Amino acid sequence: MGFTGKLDCHVTKGMREGSRIPFPGMGIQLPGTGARGDFTAVVEVLPDERYTIVEENHVQISHEISLCEALTGFSHELRHIDGSLLIITSSEITPPKCIKKVPQRGLPTGNDTSSPGDLLVAFTIVFPRVLDSDQIQALKP
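The rules behind the values
Residues numbered from 1 in each chain as written. Predicted model: local features only at pLDDT ≥ 70, side-chain atom pairs only at ≥ 80, totals over all residues. Heavy atoms only, no water. Core = buried A, V, L, I, M, F, W, Y, C linked by side-chain atoms within 4.5 Å. Buried < 20%, exposed > 50% of the residue type's maximum accessible area, 1.4 Å probe, protein only. Helix = DSSP H or I, 4+ residues; strand = E, 2+ residues; numbered from the N terminus. Contact = heavy atoms within 4.5 Å. Polar contact = N/O pair within 3.5 Å; in protein donor to acceptor, adjacent residues only side chain to side chain. Pairing = 2+ DSSP bridges.

1. A look at the nonpolar core
The biggest cluster of nonpolar side chains holds 15 residues, and the ones touching the most others in it are Ile61, Ile65, Leu78, Ile88, Leu119, Val121 and Phe123. Elements with a minimum of two residues in this core: strand E4 (58–66), strand E5 (74–79), strand E6 (85–90) and strand E8 (119–126). Counting residues per element, this core draws most heavily on E8, which supplies 4 residues. Ignoring anything within four residues of it in the chain, the contact list for Leu119 reads Tyr51, Val59, Ile61, Leu78, His80, Leu86, Lys100, Lys101, Val102, Arg105 and Gly106.

2. Here's the deal with the environment of Asp132
Within the secondary structure, Asp132 sits in the loop between E8 and helix H2 (133–139). There is a polar contact of 3.1 Å between the side chain of Asp132 and the backbone nitrogen of Asp134. A polar side-chain atom of Asp132 sits 2.8 Å from the main-chain amide nitrogen of Gln135.

3. Looking at the side chain of Ser90
As for its position among the elements, Ser90 is in strand E6. One polar contact links the side chain of Ser90 to the main-chain carbonyl oxygen of Glu92, over a distance of 3.2 Å. Beyond its immediate sequence surroundings of up to four residues, Ser90 is in contact with Gly73, Phe74 and Lys100.

4. So, the environment of Glu49
Tracing the backbone shows Glu49 in the loop between strand E2 (39–42) and strand E3 (51–54). Through-space distance from the C-alpha of Glu49 to that of Ile61 is 9.5 Å; in sequence the pair is 12 residues apart.

5. Considerations on the pairing of E3
Pairing analysis gives 4 bridges linking E3 to E4, with the strands arranged antiparallel. Each residue of the ladder has a partner; that of Ile53, found in E4, is Val59. Between E3 and the antiparallel strand that follows it, E4, lie 3 residues; Glu55 among them carries a positive phi value of about 55°.

Here it is, written out as structure tokens:
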């Protein structure tokens, strides 16, 4: 008969899909020996609603800014995948499909937590649906 209890394991930050966590002697009992085999858990990384793993250790998030912010600059709070709060700012024009890199805020490289990848913020510019006549006049040269 197999093990029917609970096993606790530590999944370290940055563990990759398919990583294996061994539990020696926690598998099924080997016939005729009384000894237990080993059990191995395999890490399955579930998708996140907001973040995507890019390449090996970079993480990307999409972030919306208004057309006004794209033209004049902005300062936004962004909740990082680790729960910390980041302030993303720009004082220049942000062009469509712009990706801003935040160094060393991605995933660790394997077991090396001293050199994480980057966080990539992909900006989507939200255009207004309508402009009133005053706004139109203000935009004309």
